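# Structural overview
Given next are the chains, with one letter for each unit.
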Amino acid sequence: MYDRSGIIEKFMGIEREMIDCTDYGHCREICPGSARMDSQNPPFPDFVGRRYAGLVIIGANPGTSSTEAFKRQDLEFNARMDNLRKSGSLEDYNALLDYRNDASRSWTRTLCNEEYRRLLGYDLETVAFVNIVKCRTFEPKADLFQNVGKEIPKRCYGKYLERQLSILKPRYVVCQWKPIQRTLAALGYDFNGAKVGSFNGQRNLPNGQKIAEVARIFEEFLSDLD
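Residues numbered from 1 in each chain as written. Predicted model: local features only at pLDDT ≥ 70, side-chain atom pairs only at ≥ 80, totals over all residues. Heavy atoms only, no water.

### Quick word on the overall build of the protein chain
In terms of helices and strands, the protein chain carries ten helices and five strands. A globule of 226 residues ought to have a C-alpha radius of gyration of about 17 Å, and the protein chain, at 16 Å, matches this closely. Seen through its principal axes, the protein chain has C-alpha atoms that stretch 45 × 40 × 35 Å. Sorting the 226 residues of the protein chain into buried and exposed places 51% on the buried side. Taking all contacts inside the protein chain whose residues are at least 6 apart in sequence as the whole, residues at least 24 apart take part in 75%. Accessible surface for the protein chain amounts to roughly 10500 Å². Of this, 48% is attributable to carbon and sulfur atoms. The averaged location of the 31 negative side-chain charges in the protein chain is 4 Å from the averaged location of its 33 positive side-chain charges. (Helix = DSSP H or I, 4+ residues; strand = E, 2+ residues; numbered from the N terminus. Rg over C-alpha atoms; globule rule 2.2 N^0.38 Å. Buried < 20%, exposed > 50% of the residue type's maximum accessible area, 1.4 Å probe, protein only. Contact = heavy atoms within 4.5 Å. Areas by Shrake-Rupley, 256 points an atom, 1.4 Å probe, with all protein chains shown as cover. Lys, Arg positive; Asp, Glu negative; His and termini not counted. Charge placed at Lys NZ, Arg CZ, Asp CG, Glu CD.)

### Focus on the sheet that holds strand β2 (residues 55–59)
Strand order in the open sheet formed by five strands is β1-β3-β2-β4-β5, with mixed pairing between adjacent strands. Edge strands, defined here as strands with exactly one partner in the open sheet, are β1 (47–48) and β5 (195–198). Of the pairings in the sheet, the one linking strand β4 (residues 172–175) to β5 comprises four bridges and is parallel in character. Paired with Val-173 across the two strands is Val-196, which belongs to β5. Its contacts with the sheet put helix α7 (residues 151–168) on β1, β2 and β3 (127–131), and the angle it makes with β3 is roughly 170°. (Pairing = 2+ DSSP bridges. Axes fitted to C-alpha atoms, helices over the stretch in contact; angles between N-to-C directions.)

### Some points on the nonpolar core
In terms of nonpolar packing, the biggest core is built from 73 residues, with Val-48, Leu-55, Ile-57, Ile-58, Tyr-93 and Leu-184 touching the most fellow members. Looking at this core, the element that brings in the most residues is α7, giving eight residues. Residue contacts for Leu-55: discarding those within four places in its chain leaves Val-127, Ala-128, Tyr-172, Val-174, Ile-217, Phe-218 and Phe-221. (Core = buried A, V, L, I, M, F, W, Y, C linked by side-chain atoms within 4.5 Å.)

### A word on the pairing of β2
With respect to burial, β2 is a largely interior element, five of its five residues being buried. As judged from the four bridges shared by β2 and β4, these two strands associate in the parallel manner. Among the inter-strand pairings, Ile-58 is bridged to a residue of β4, identified as Cys-175.

### Points about the environment of Ala-128
In this fold, Ala-128 is placed in strand β3. For Ala-128 and Phe-47, which are 81 residues apart along the polypeptide, the C-alpha to C-alpha distance reads 5.5 Å. Once residues within four sequence positions are removed from consideration, Ala-128 is found in contact with Phe-47, Val-48, Tyr-52, Leu-55, Val-56, Ile-57 and Leu-168.

### Things to note about the packing of helix α3 (residues 68–87) against helix α4 (residues 90–103)
Packing of α3 against α4 brings their axes to within 8 Å, and their N-to-C directions diverge by 160°. On the basis of their axis angle, the class for α3 and α4 is roughly antiparallel. Handedness of the crossing formed by α3 with α4: left-handed. Contacts from Gln-73, Glu-76, Phe-77, Arg-80, Met-81, Asn-83, Leu-84 and Ser-87 in α3 reach Asp-92, Tyr-93, Ala-95, Leu-96, Tyr-99, Arg-100 and Ala-103 in α4. Across the contact of α3 with α4, the residue classes tally to eight nonpolar, three polar and four charged. (Parallel < 35°, antiparallel > 145°, perpendicular 65-115°, else oblique. Left-handed = near helix turned anticlockwise from the far one by under 90°. Nonpolar A, V, L, I, M, F, W, Y, C, P; charged D, E, K, R; others polar.)

### Concerning the pattern of salt bridges
Here the structure, examined in full by the defined rule, presents 20 salt bridges. A salt bridge links Arg-50 to Asp-98; the shortest N-O distance between them is 2.7 Å. With Arg-50 in the loop between β1 and β2 and Asp-98 in helix α4, this residue pair connects regions lying 48 residues apart in the sequence. The exposure class of Asp-98 is partly exposed, given its relative accessible area of 38%. A salt bridge links Asp-123 to Arg-51; its shortest N-O distance comes to 2.3 Å. Of the two residues, Asp-123 is situated in the loop between α5 (114–120) and β3 and Arg-51 in the loop between β1 and β2; the sequence distance between them amounts to 72 residues. What makes Asp-123 partly exposed here is its relative accessible area of 34%. It is possible to trace a salt-bridge network through shared partners that takes in Asp-20, Asp-82, Arg-85 and Lys-86. (Salt bridge = Lys/Arg side-chain N within 4 Å of Asp/Glu carboxyl O.)

By themselves these figures say nothing about function.
Structure (C-alpha cells):
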C-alpha cells in the first residue's frame, strides 16, 4: 500500500531542508523567552520507519536537553545531520534514522521510549514520528500555541509538516499530547478519515492509564499488519 522507498527519499529531502531552515533566525526573534528556543542546535530530525505502515505519532515540539546524557545525544545527532547535509546520501540518512530509533528508547515522556513500545506492542520501524515545531524548545505548558505563539507552528506546518503528512497519508494518527489534535485542526490539517487518539501525559497517572486511548488505535493498527 505504501511506497516505502519513495517515502524515505522524500523525507530525506525535507530533512535536508530543515537542517538549513532559512527561517530559524526569525523564529528565534519572535519565540517567547519562556520557550527558550535552542540556539546551539539545528532543527531536530523527525523519524519515518523503513517499514512504515500507516500510523503517525505527532508531537508538539522537540524539547531542550536537560541532562548531560541528552546533550551528548544532541552532539551525535548534530554530527549525523551534518553528514547528511554534506552528502545527501541515503546511507547517511539511514544512519540518522538508526540513531533516532535507538536514542528515543530512553526518552521517558514520549511514546517511542522502550516501555511504551513494549506496552503497546509495536515496532518503531512500522510508524513515523513527526513534530509540529521542528526546533528544540522548552515546553512549560501542554498547549503549543501558549508555548511558542501561533506564527512558528504555522510556519513549520506550512513548510514541512503539511508535506510530510501528505507523503505519509496516515490511516492512524496518535497525538503525543491531548492538545495536539486541536492544534492540528487549527493549523488546517484535515485528518481525511484517519482514526485519531491522544496520549494522556498527566504526570500522576500510571502508564497504563496514560495510554488507554491510544492503545485502541495501536491495537487496530497492529491487527492490520497481520
